[in-house]
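# Examining the three-dimensional arrangement
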Amino acid sequence: MIKDIKEVKECPECASTNIIHNEKKQQVICRDCGMIFEPMAPEREEKFEKAAGIEKKE
Ligand SMILES: [Zn+2]
C-alpha cells in the first residue's frame, strides 16, 4: 500500500528501481513493467478494511 509516492523507492510489482515519480498526478510509474501506482486516499483504505471484515465473517 502506497501512502506517499516519495516513499516509493522501487516498483512494488517487479522491484525495479527504474521508476518515475509524477508528483502532479501523484503517481509512480515503473519504466520496466509499465505499472502505474497511486497512493490510496484514507477514505478508500477504510472501505477496504470494512470489506475485508465482512469477508472474514462469511
Ligand atoms: Zn515494475
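Please read these numbers as outputs of a predicted model, since none were measured by experiment.

## Structural notes on the coordination of the zinc ion
- Every protein donor of the zinc ion is accounted for by C11 (SG), C14 (SG), C30 (SG) and C33 (SG), and the metal-donor separations fall at 2.2 to 2.3 Å.
- For the zinc ion, all donor residues lie on one chain, and their spacing in sequence is C-x2-C-x15-C-x2-C.

## As for the sheet that holds strand β2 (residues 27-30)
- Spatial ordering of the open sheet is given by β1-β2-β3, a layout of three strands whose pairing is antiparallel. Two strands lie at the open edges of the sheet, namely β1 (19-22) and β3 (36-37), each paired on one side alone.
- Two strands pair when backbone bridges link them, and β1 and β2 are joined in this way by four bridges, in the antiparallel orientation. Note on β2: the bridge partner recorded for H21 is V28.

Calculation rules
Residues numbered from 1 in each chain as written. Predicted model: local features only at pLDDT ≥ 70, side-chain atom pairs only at ≥ 80, totals over all residues. Heavy atoms only, no water. Donors = N, O, S within 2.8 Å, 3.2 Å for Na, K, Ca; no water. Pairing = 2+ DSSP bridges. Helix = DSSP H or I, 4+ residues; strand = E, 2+ residues; numbered from the N terminus.

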